[in-house]
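Architecture at a glance
As a plain string of letters, each chain reads:
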Amino acid sequence: MKIQLALDRFTVPQAIEIADEVRMYIDWIEVGTSLIKEFGMESVRELRKAFPEKIIVADIKTFDNAKYEFEMCFNAGADIATVMGAAPMVSIDTCINVARNMGKQVMIDLLNISSEQLQDLCKYEDAIFCLHISKDMQELTGIKQELKSLKVPNALRKIENVRLALAGGINLEFLNELGKNNAEVAIIGSSITKAEDKVLSARSISEAASKIKGGEQI
């Protein structure tokens, strides 16, 4: 299982400093939605420049204007960009096509989608599907029960070699629970970025993740 470090609610220099501190224990670096909204594509460019050896994920959460936004992310140095699964299918089709044409990848965020929408998304077999517990749910309602009961939908299980990412308040306590879903990527933010000892937290999570069978390397 790979560790994707989610960087949100920081300045770009702060994000770079945190990622650099735990550099050896993380695999992918996520330029979070808040970073992109506040600082634009400069945030993606700066993280790309600082971490040339890492996979950079631009969590732009595209819902419309897909070609423009995905080309913008990829031209800034992102390897993966995100689109909302609830977006119009024409937008998701466009994201997939742009990524294929540019040799990049798509992560589809499944936040708040219906079972019918999920069925439609299963045709994108080369995408990464992100099961996501929202920030508001984490902060306003609590997350323990949701994480413990997180299950991969049957529709996704039917995809051969499905690529899964899991996000939403993940910490060391729940890592093994999530590993039962055979996820390729664990997206982890505050468990590392807000830890008193970030290196210790990242190392512990990395060691636990290394024992969990995940997907193939990119």
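As a reminder, the structure under discussion sits directly above these lines.
Okay, so let's go over this structure. All of these numbers come straight from a predicted model, not from anything done at the bench. (Residues numbered from 1 in each chain as written. Predicted model: local features only at pLDDT ≥ 70, side-chain atom pairs only at ≥ 80, totals over all residues. Heavy atoms only, no water.)

Along any regular strand the residues' side chains alternate between the sheet's two faces. The buried fraction of strand β1 (residues 2–7) is high, at six of six residues. Burial of the side chains of β1 extends over both faces: K2, Q4 and A6 are buried on one face and I3, L5 and L7 on the other. The sheet contact formed by β1 and strand β8 (residues 185–188) spans four bridges and is parallel. Opposite Q4, over in β8, you have I187 as the bridge partner. Pairing of β1 with strand β2 (residues 28–31), which is carried by four bridges, proceeds in the parallel orientation. Considered in β2, the bridge of L7 is made with V31. (Buried < 20%, exposed > 50% of the residue type's maximum accessible area, 1.4 Å probe, protein only. Helix = DSSP H or I, 4+ residues; strand = E, 2+ residues; numbered from the N terminus. Pairing = 2+ DSSP bridges.)

Within the fold, T62 resides in strand β3 (residues 55–62). For T62, a relative accessible area of 0% puts it in the buried group.

Within strand β5 (residues 105–109), five of the five residues are buried, which leaves the element mostly enclosed by the surrounding structure. Judged by which residues are buried, β5 turns out to be covered on both faces: Q105, M107 and D109 on one side and V106 and I108 on the other are all buried. Where strand β4 (residues 80–84) lies against β5, five bridges are found, and the strand directions are parallel. Paired with T82 across the strands is M107, a residue of β5. What joins β4 to β5 is helix α5 (residues 89–102), and the crossover it makes is right-handed. When β5 meets strand β6 (residues 128–132), the two strands line up parallel, connected through three bridges. From the neighbouring strand, D109 faces β6, where its bridge partner is C130. (Right-handed = clockwise from strand over helix to strand, strands pointing away.)

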